[in-house]
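Understanding the architecture of this molecule
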Amino acid sequence: MYIMKSSSDGVFTKGELVPYGPIELNPAAAVLNYGQGLLEGLRAHRQHDGSVLLFRPEENALRMRIGADRLCMPAPSVEQFLSGVKQTILANKRWVPPTGKGSLYIRPLLIGSGAILGVAPSPQYTFVVFVCPVGHYFKGGLSPISLLTEEEYHRAAPGGTGDIKTIGNYASVCSAQKRAKDKGHSDVLYLDPVHKKFVEEVSSCNIVMVKDNVLSTPLLTGTILPGITRRSIIEVAQNLGFQVEERLIAIDELLDADEVFCTGTAVVLSPVGCIEYQGRRVEYGNGKVGVVSQQLYSALTAIQKGFAEDSMGWNVQLN
């Protein structure tokens, strides 16, 4: 794994690869007491020639810097972020699954590692990168998932931190997610906290609907994470000739869609086969992957895996 610490003036220097293992933290570390931490996630795929493709890593670096600014944290430069990620992948290259058999998930972390007992920015920060070989996020692979619409809890509120990848955003979804899974669903669909009728996102991914071959996804209003896969799907869809709208989407409109799917680094593109809302159960596609969902999944993953021309210049090749 890769570790780089900041000096007292917030400058990151002297990153290094170390054996994967526990990180020593003071009990008064800001991340442990006040949640001052960010995470990122990206994937690398092995090509037939043995090289490794990394998908849009600059976007993750930039998003971490935006989140760090919101949490009053210094952050590695884009170049430092990319260097740490590349070094970690190459040091763990044997763990990148064979072509078509999965991918290497990369997890960069930025945490307030300095000791401070009082609500204030940490005196020191640590940037960590580690990796893990993975398959599909949901156990059914590309098969449609089931979502339970959450009516009691909300993922984020206006003016909060819903649009950055702060670590606390994910702990707060666990209760609703467990309740959904206990009822046989795959995950939770969240509504806006003000009107309680506009679709926001799923626990760890964005959501898109298809109606009459038009794609619609919730407008980024500050409570929704600006997903890199979300943005990529929008651009791929537009290149394929689809009309794409970013706007407010009422839950009733989503329930009337022709297709619904989720997007995210971990899930890539997961078709939704069922949504439950206020006791009403709506199904899509008779348990099969929708035509548009399949087309977009195939187009995006072909680029990510190097099977199709990367005309957008998204991939970074590691030899």
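Along each chain, numbering runs from 1 in the same order as the chain's sequence is written. Residues qualify for local features only when their pLDDT is at least 70, as the model is predicted, and side-chain atom pairs are given and counted only at 80 or more; totals for whole chains, interfaces and linings, by contrast, use all residues. Side-chain numbers here rest on the full set of heavy atoms in the structure, without hydrogens or water.

Looking at an unreviewed UniProt entry, one finds the protein named Branched-chain-amino-acid transaminase and attributed to Brachypodium distachyon. Turning to the protein, the UniProt record has this under Sequence similarities (unreviewed entry): "Belongs to the class-IV pyridoxal-phosphate-dependent aminotransferase family." UniProt positions are given in the numbering used here, feature names are shortened, and annotations may be inferred rather than shown by experiment. Word for word, the UniProt comment on the protein under Cofactor (unreviewed entry) is "pyridoxal 5'-phosphate".

1. As for unusual backbone geometry
Trans is the prevailing form of peptide bonds, just as negative phi is the prevailing case for residues other than glycine. In this structure, Arg56 takes a positive phi of about 50° despite not being glycine. Along the polypeptide, Arg56 turns up in the loop between β5 (52-55) and α2 (57-70). A positive phi angle is found at Val268, which is not glycine, with a value near 60°. For the purposes of this entry, the term helix denotes a DSSP run of H or I that reaches at least four residues, the term strand denotes a run of E that reaches at least two, and both are numbered from the N terminus. Along the chain, Val268 turns up in strand β15 (residues 268-277).

2. Some words on the UniProt feature "modified residue: N6-(pyridoxal phosphate)lysine" (unreviewed entry) in the protein
The sites that UniProt annotates as "modified residue: N6-(pyridoxal phosphate)lysine" (unreviewed entry) are Lys165. Within the secondary structure, Lys165 sits in the loop between β8 (145-150) and α4 (168-171). Each residue's exposure class comes from its accessible area (1.4 Å probe, protein chains only) as a fraction of the maximum for that residue type: buried when under 20%, exposed when over 50%, partly exposed otherwise. By relative accessible area, which is 13% here, Lys165 ends up buried.

3. Regarding the nonpolar core
Here, nonpolar core means buried Ala, Val, Leu, Ile, Met, Phe, Trp, Tyr and Cys residues that are tied together by side-chain atoms lying within 4.5 Å of each other. With 30 residues, the main nonpolar core has Leu38, Leu54, Val85, Ile89, Ile106, Leu110 and Phe127 as its most contacted residues. Of all elements in the fold, only β1 (2-6), β4 (42-46), β5, α2, α3 (78-91), β6 (103-112), β7 (125-134) and β17 (315-318) reach the threshold of two or more residues within this core. Looking at which element gives the most residues to this core, the answer is α3, with 5 residues. Judged by nonpolar contacts, the second largest core, of 22 residues, contains Leu191, Ala257, Val260 and Val282.

4. Details of helix α5 (residues 174-182)
For α5, every residue scored as buried is listed here: Ala176, Gln177 and Ala180. The buried residues of α5 occupy an angular sector of 100° when projected down its axis, which confines them to one face. Residues Lys178 and Asp182 are exposed on α5 and point more than 90 degrees away from its buried face. Any two residues whose heavy atoms approach within 4.5 Å are treated as being in contact. Close packing links the buried residues of α5 with β8 and β9 (187-191). Looking one or two residues beyond α5, the residue adopting positive phi is Gly184, at roughly 95°. The directions from the helix axis to the C-beta atoms are what the arc is built from.

5. Quick notes on the pairing of β7
A strand pair is defined by DSSP finding two or more bridges across the two strands. Across 4 bridges, the pairing between β1 and β7 is antiparallel. Looking at β7, one finds that Tyr2 is bridged to Val129. As judged from the 10 bridges shared by β6 and β7, these two strands associate in the antiparallel manner. Residue pairing across strands places Pro108 opposite Val129, the latter belonging to β7.

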